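Next come the chains, spelled out residue by residue.
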Amino acid sequence: MRAAEPRRWPVAPTLAALTALLGLGMVIAALAGPLSVAPATLWRGLWEGQDAPGYLVVRDLRLPRILMAALVGAALASTGAALQGLFRNPLADPGLIGISAGAALGAVAVIVLGGGALGHQAIPLAAFAGALVTTFLMWRIASRGGETRVALLLLAGIAIGAIAMALTGVLTFLADDNELRTLTFWAMGSLAHSRWSDVALVAPWLLAGIVLMPLLARPLNGLMLGEQAALHLGFAVPRAKRAVMVLGAVSVGAAVAAAGQISFVGLVAPHLVRLLIGVDHRWLIPGAAALGAVLTVFADTLARTLVAPAELPIGLVMALLGGPFFLVLLLRRNGV
Amino acid sequence: MNDALLNVAGVTVRAGDRALLSEVSFQARAGERLALLGPNGAGKSTLMRALAGDLTPDAGAVTLHGRPLPDWPVAELARRRSVMMQQTPVGFPVRADEVVALGLPGRRHGNAADPLVGELLARFGVAALRARAWPSLSGGEQQRVQLARVLAQVWDSPGPRLLLLDESTSALDPARQYRVLEELAALAEQGDYLIVLVCHDLNLANAFASRVLMLDQGRLLADDVPARVLTPERLAAVYGLRSRWLTHPDGPVLHVEGALP
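Residues numbered from 1 in each chain as written. Chains lettered and ligands numbered in written order. Predicted model: local features only at pLDDT ≥ 70, side-chain atom pairs only at ≥ 80, totals over all residues.

A tally of regular secondary structure across chain B gives 9 helices and 12 strands. Its C-alpha atoms give chain B a radius of gyration of 19 Å, near enough to 18 Å, the size a compact globule of 261 residues would have. Oriented by its inertia axes, the alpha-carbon framework of chain B measures out at about 50 × 45 × 35 Å. At a minimum sequence separation of 6, the contacts of chain B that also span at least 24 residues come to 63%. (Helix = DSSP H or I, 4+ residues; strand = E, 2+ residues; numbered from the N terminus. Rg over C-alpha atoms; globule rule 2.2 N^0.38 Å. Contact = placed C-beta atoms within 7 Å.)

This is the structure in structure tokens:
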């Protein structure tokens, strides 16, 4: 049974609820962990500046990590929503179209080929560069005579992603045991090393995507009717296409640089928000950002508490939880 | 004709060595209803794309309100001309009223609660379907929703506007086709719209159009009132059709008898 008359939740209350859910999730994440912290300790630490031992853990370790999780999730989800609009395909995801794979290749190349010589900061920079280079290549391949064909862009992205993944595989094969450990944990995604300095480094790039992507909502709405119709409606389609790709590359590059590969959130969050409030990108993109942040904070909290004091990679947690949930949703929607 | 809204002057479009359009010229004013006829591959869709500003002719020019199309900023052009293409694929489970709201200009964009959305859906007899998801609509219902969207785009624009409709009623049943075209003809007659309609139904063109433009192999063969364009000789030459005009108390009727051997 296909929903002939899609129900829509009212936009403003839904967005408010998602934001409230994010706040709640962040508080729970701050309190939960191997060292459980009482709400009163968190309160006094935050508002009265009391440096109780429990609060120091929260301030120096948990808060930057929670903030990073929220930013990374929001950036991946809003980029996912925009890419799905651009490609007119609900399956488009930063992971599917090769941007993440390019970022991963950059990071892995530094880990394996650079050894320790390039320092810790080189890995995120290489991831960032990888995302930009892959996006640029996709764009060049799909552009002829001043026109960029969206279908070709999607296919080129998938092919370049496959090549990047294969090259990453070759490098993994070459890696020694020590490099392999860094690499594996990183490839499956982790926020374990997020300090305030890391947040400061990547937050501007993540925020660029989160804040600027909604500005492209109108042309993305027009693109739902196809490129030609969007042009007829008077939207600056070529400029919007470029902007989505550049913002996507920047914020996904920063997300992969900060947290490694976290799949699924860029696919699921926009999909769920579309079911709730509909397809208008003006609300869909911010809504997806909020839900993406909630999901990532939640998954990261599970990642660091389930097998404490050890940690699971967040990418695995996200896929293990998100996958079945998404399947149930699909089956229910199709009346199976 | 100095008050021409649309001026097409010597438009030639080539694809490689082949001319898709050869020196097509005509002018039209707001209030006119043009039916663009011709066999498959005659160049109708190419001409429509040139009129919409989607392609730049290899020679000649299309001007709207005295201004060549390439000189129009896209957003401004969108207030003066609206286009319904043969197919408008919709990517997501958008509701019918949301599709129409995508056509609304400026700040009203995307507001499905705008009164104009309901008014236009009602005008084309699809008000009851406003909450339906796009994929659940039939082909004819989708066409009527798209017509409402295309009109919403220019409904409140000042001055005369150009409406380009490429086989916009092809999926409708005969009665609905006539009803929709009567609505459109009434709009044109109020003087604000110039409508150019690509069509394959000769009787429909005869009923709707104030002028018929007959294209064949990229050339404009005829441009006149329907009765003078749709002659048995021309229909035989262009389409290979056997036809004749019958006399009827209400006026002459075009009767198509079949294909020529």
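Another point: the overall build of chain A. Looking only at helices and strands, chain A features 14 helices and 2 strands. Split into buried and exposed, the 336 residues of chain A put 51% on the buried side. Pairs at least 24 residues apart make up 76% of the contacts formed inside chain A by residues separated by at least 6 positions. (Buried ≥ 20, exposed ≤ 12 C-beta atoms within 10 Å, placed from the backbone.)

Before going further, it helps to spend a moment on the packing of helix H5 (residues 122-142) of chain A against helix H6 (residues 150-174) of chain A. All names here are of chain A. The N-to-C vectors of H5 and H6 enclose an angle of 135 degrees; their axes lie 9 Å apart at closest approach. One finds that H5 runs oblique with respect to H6. Judged by the sense of rotation from one axis to the other, the crossing of H5 with H6 is right-handed. For the pair H5 and H6, contact is made by Thr134, Leu137, Met138, Ile141 and Ala142 and by Leu152, Leu153, Ala156, Gly157, Ile160 and Ala164, respectively. Taken together, the residues that form the contact of H5 with H6 break down as 9 nonpolar, 2 polar and no charged. (Axes fitted to C-alpha atoms, helices over the stretch in contact; angles between N-to-C directions. Parallel < 35°, antiparallel > 145°, perpendicular 65-115°, else oblique. Left-handed = near helix turned anticlockwise from the far one by under 90°. Nonpolar A, V, L, I, M, F, W, Y, C, P; charged D, E, K, R; others polar.)

A word on the packing of helix H1 (residues 11-31) of chain A against helix H3 (residues 53-87) of chain A. Residue and element names in this part refer to chain A. Packing of H1 against H3 leaves a shortest axis separation of 10 Å and a crossing angle of 145 degrees. Judged by the twist between their axes, the crossing of H1 over H3 is right-handed. Facing H1, whose interface residues are Leu22, Met26, Ala29 and Ala30, H3 presents Val58, Arg62, Leu63, Ile66 and Ala70. When the residues that make up the contact of H1 with H3 are grouped by side-chain class, the tally is 8 nonpolar, no polar and 1 charged.

Moving on: the environment of Ala142 of chain A. Locating Ala142 of chain A in the fold gives a position in helix H5. Not counting chain neighbours up to four residues away, the residues in contact with Ala142 of chain A comprise Thr148, Arg149, Leu152, Leu153 and Ala156 of chain A.

Below, the discussion takes up the sheet that holds strand S5 (residues 67-68) of chain B. Residues and elements named next belong to chain B. Spatial strand order, S2-S1-S4-S5: 4 strands in an open sheet with antiparallel pairing. Only two strands of the sheet have a single partner each, and these edge strands are strand S2 (18-28) and S5. Sheet analysis places strand S1 (residues 6-15) next to S2, joined by 7 bridges and oriented antiparallel. Its bridge partner being in S2, Arg14 is matched across the sheet by Ala19. The strands touched by helix H1 (residues 44-52) within the sheet are S1, S2 and strand S4 (59-64), with S2 carrying the most contacts at an inclination of about 55 degrees. (Pairing = 2+ DSSP bridges.)

Glancing now at the interface of chain B and chain A. How large an interface is tends to be reported as the accessible area lost when its parts come together. Taken together, the contact pairs 27 residues of chain B with 25 residues of chain A. Elements supplying a minimum of two residues to the side of chain B that touches chain A: helix H2 (74-80), strand S6 (81-84) and helix H3 (96-103) of chain B.

Turning next to the domain arrangement of chain B. All names here are of chain B. Along its sequence, chain B is carved into domain 1 (6-230) and domain 2 (231-261). With 12 residues of domain 1 in contact, the opposing surface of domain 2 contributes 8 residues. Mapped onto the side of domain 1 that touches domain 2, the elements with two or more residues apiece are helix H7 (202-208), strand S9 (211-216), strand S10 (219-224) and helix H8 (226-229). It is H7 that contributes the most residues to the side of domain 1 that touches domain 2, 3 residues altogether. The residue makeup of the side of domain 1 that touches domain 2, split by class, is 8 nonpolar, 3 polar and 1 charged. (Domains from an automatic or database assignment.)

All names here are of chain B. Strands sit in the order S6-S7-S8-S3-S9-S10 across an open sheet of 6 strands; the sheet is mixed. At either end of the open sheet lies a strand with only one pairing partner, and these are S6 and S10. Taking the axes of each pair of neighbouring strands and ignoring which way they run, one obtains an average angle of 15 degrees across the sheet. Note: S6 against strand S7 (residues 161-166), 4 bridges, orientation parallel. Directly across from Val83, in S7, lies its bridge partner Leu164. Of the strands in this sheet, S6 and S7 are in contact with helix H5 (residues 139-154), which crosses S6 at around 170 degrees.

This part is about unusual backbone geometry. You will see that Phe264 of chain A, though not glycine, has its phi angle at about 85 degrees, which is positive. Mapping Phe264 of chain A onto the fold places it in the loop between helix H11 (237-259) and helix H12 (265-277). Judged by C-beta crowding, with 23 C-beta atoms within 10 Å, Phe264 of chain A ranks as buried. Of note in the backbone geometry, Glu167 of chain B takes a positive phi value of approximately 50 degrees without being a glycine.

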